[in-house]
Amino acid sequence: MSDSCKFKCYIWELPVRWCHWINVVSIVTLAVTGFFIGTPVSFAGSASDFTMGWIRFVHFTAAYAFAVSVLSRMVWSLIGNKYAGWKEFFPYATAAGREKMNKMLRYYMFVDKEVPETIGHNPLATTAYFALFLLYILMILTGFSLYAQHAPQGVMHKSLGFMYALFSDQGMRLTHHFSMWLIFGFIINHIYSAWLMDIKEHGSEISSMFSGYKFTVKKEK
Amino acid sequence: MSKQKVDTEVDSVKQRGDVSQDSEQQEYSVGEILKQRGVSRRDFLKFCSAMTAAMSLPASFAPSVAQALDEVKRPTLVWLNFQDCTGDSEALLRAANPTVGEIILDILSVDYHETIMAAAGHQADEALESTITKYKGKYLCVVEGSISMKDGGIYGCTSGKTHLEIARRVCGSALATIAIGTCASYGGIAAGTPNPTGAVGVMEAVPGATVINLPGCPCNADNLTATVVHYLVFGKIPAMDSKGRPLFAYGKRIHDNCERRPHFDAGQYVEHWGDDAHRKGFCLYKMGCKGPATFHNCPTQRYNEKTSWPVASGHGCAGCSEPDFWDTMGPMYHRLPNVPGFGIEATADKIGLGLVAGAAAAFAVHGALNALRKDKEPQEPKEG
């Protein structure tokens, strides 16, 4: 255990934390309702029930919340602090970033013994987040394209016209469904890594997503 | 659209008709021909009402449709058969509303149709040639079947000419071309992978032509009649979607007009063919119905004298009126397509579950190794 005091740094601003937790809640909701929409169970006792109707309503409401959250986070990467900034998501673009990434990789691969401390994002994590955001955008576009078909020639249907040119309708469903599994894969990785670094760094990795504060031996520059 | 506007359009149709129709045979208006053929006024008005409904117009338009049809001269029409099964001709010959003998052939002057015309060989060729020369830019062309593009189009020939050549000549100088059926619209079954003949629809084969797509396997003959009536009444082709289909017939998803939709919303699904839910007429969503992916008016227009349509008879929609349906709408009895590149019957869920299980296992091993390792905590910077 480090015998020195640690510095307390404010890393995650309020909008970043809000977006994170809205994403968590909406992704869980979307996955559960979405899986049901893909493979429904015959719950209903009578034709007057509205089981599927309500499940779809919850799915679409969560979809709007998710879309707003993802877009807000993207906007915040332009106006937030340096830890939230868009440059964080391309660590391999700078020499310093590449060094950080290399150290983290060596630690993960059991080559190095010293835990590399990161103030702000783990460079491996942000690389994954960039891919994740591409998946989010794909999910939002395919999801809303499928949704917009309830009102053909409407504003949403027309503005998503390029999607119908790029994908067949069933191809869009398959993409939307399969991307959910890819996001599941990411979630396992994400929770595991957060748990691991919380244990190894002693920097309040997990609680920082609630409080915004991390504790580091190196002073923030 | 106001009634006044319709009247003006009807007038413009009449004027155009006066200029363009110079054949002796075509001097009679549709109304006169029907009278000669002994079609009662009542039956004619019934037909007009049905057409008004098919065009998704309010019932108050029926008199305008009747008036316009009464006075308009019948247009010349040539019907070309390419790589097809003649299923759309069959659908037309069995059209209930109107029957082909009573009204369609009286509204349309079908000057060339290989399947039903009396002439054959050179006589038939001459009929086509004289029609397209005499009525250049004024006749309607109906194309049934896809057009082969590979190797100069040699895989589909009629009377020594490739279909591509015929299509470019005939559709190119037509007033408008109606691509009837999925093959003529998007290549259809002939265009399914690996598409050995390079089959495409008319829009792709003759890019300059004015094409109205009426996909479906077969196309609903009522939609063809309504398209022609729309042209006769309004003097222009109907409003179309991004895939070149008239909105009145393809503007809504099957799923959104389906009579089984309440069972979908309720959550009552057929789980197996012939189970209790199937006998009760519950939703066919889990049996691979492609209604949620298909735009067509089957639920309202129906087939065979409006008797039935696939979903009503207990089978899911096959998605036949969508582009590339043969490749993208399968498997017919599964909700989602198979994942390409993973062999037959590899579903997204199986692969996804494998992926997630793999990730979980990998991280479990990584976590176990991490629990065993002795490592150093983050150190203070070494600088003095």
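Presented here is an overview of the structure given in this document. (Residues numbered from 1 in each chain as written. Chains lettered and ligands numbered in written order. Predicted model: local features only at pLDDT ≥ 70, side-chain atom pairs only at ≥ 80, totals over all residues.)

### Describing the nonpolar core
Residues and elements named next belong to chain B. Leu 69, Val 78, Cys 141, Val 143, Ala 167, Ala 179 and Val 202 are the most contacted members of the largest nonpolar core, which totals 74 residues. Take this core: its biggest share by element is 9 residues, from helix α11 (residues 221-234). Apart from the residues within four sequence positions on either side, Val 202 is in contact with Val 143, Ile 147, Ala 167, Cys 171, Thr 177, Ala 179, Ala 184, Ala 209 and Val 211. (Core = buried A, V, L, I, M, F, W, Y, C linked by C-beta atoms within 7 Å. Buried ≥ 20, exposed ≤ 12 C-beta atoms within 10 Å, placed from the backbone. Helix = DSSP H or I, 4+ residues; strand = E, 2+ residues; numbered from the N terminus. Contact = placed C-beta atoms within 7 Å.)

### Section: helix α2 (residues 51-79) of chain A
Relative to the 42 Å expected for 29 residues at 1.5 Å per residue, α2 of chain A spans 42 Å between its end C-alpha atoms, a close match to the ideal helical length. What α2 of chain A keeps buried is the set Met 52, Ala 62, Ala 63, Phe 66, Ser 69, Val 70 and Arg 73 of chain A. Against α1 (14-38) and α4 (123-148) of chain A together with α14 (261-266) of chain B lie the buried residues of α2 of chain A. (Expected span 1.5 Å × (residues − 1).)

### Looking at the packing of helix α7 (residues 169-201) of chain A against helix α18 (residues 348-372) of chain B
It is at 9 Å that the axes of α7 of chain A and α18 of chain B come closest, and there the two elements cross at 10 degrees. Classified by the angle between their axes, α7 of chain A and α18 of chain B sit roughly parallel to one another. Residue-level contacts link Leu 174, His 177, Phe 178, Trp 181, Phe 184, Gly 185, Ile 188, Asn 189, Tyr 192 and Leu 196 of chain A of α7 of chain A to Ala 348, Gly 352, Leu 355, Val 356, Ala 359, Ala 360, Phe 363, Gly 367 and Asn 370 of chain B of α18 of chain B. Among the residues forming the contact of α7 of chain A with α18 of chain B, the class breakdown is 13 nonpolar, 6 polar and no charged. (Axes fitted to C-alpha atoms, helices over the stretch in contact; angles between N-to-C directions. Parallel < 35°, antiparallel > 145°, perpendicular 65-115°, else oblique. Nonpolar A, V, L, I, M, F, W, Y, C, P; charged D, E, K, R; others polar.)

### Observations concerning α7 of chain A
End to end, α7 of chain A covers 47 Å across 33 residues, agreeing with the expected 48 Å (1.5 Å per residue, within 8%). Among the residues of α7 of chain A, Asp 169, Gln 170, Met 172, Arg 173, Leu 174, His 176, His 177, Met 180, Trp 181, Met 197 and Glu 201 of chain A are the ones counted as buried. Close packing links the buried residues of α7 of chain A with α1 and α4 of chain A together with α17 (325-328) and α18 of chain B. At the exit of α7 of chain A stands His 202 of chain A, carrying a positive phi of roughly 55 degrees.

### Points about the packing of helix α3 (residues 41-54) of chain B against helix α4 (residues 62-71) of chain B
All names here are of chain B. Contact pair α3 / α4: the axes reach a minimum separation of 9 Å and the direction vectors enclose 120 degrees. The angle between α3 and α4 falls in the class oblique. When the axes of α3 and α4 are compared, the crossing they make is right-handed. Each of Leu 45, Cys 48, Ser 49, Met 51 and Thr 52 in α3 lies in contact with α4, whose residues at this interface are Ala 62, Val 65, Ala 66 and Leu 69. In terms of residue class, the contact of α3 with α4 is made up of 7 nonpolar, 2 polar and no charged. (Left-handed = near helix turned anticlockwise from the far one by under 90°.)

### Here's the deal with the pairing of strand β2 (residues 213-216) of chain A
Residue and element names in this part refer to chain A. Of the two faces of β2, the one lined by Lys 214 and Thr 216 is fully buried and the one lined by Tyr 213 and Phe 215 carries no buried residue. In terms of strand pairing, strand β1 (residues 7-10) meets β2 through 4 bridges, oriented antiparallel. Bridge pairing in β2 places Phe 7 opposite Thr 216. (Pairing = 2+ DSSP bridges.)

### What to know about unusual backbone geometry
All names here are of chain B. Cis geometry is adopted by the peptide bond preceding Pro 194, which originates at Thr 193 and carries an omega value of 5 degrees. Tracing the chain through its elements places Pro 194 in the loop between α9 (181-186) and β8 (199-200). Unlike most non-glycine residues, Ser 159 shows phi in positive territory, near 45 degrees.

All we've got here are geometric facts, nothing functional implied.
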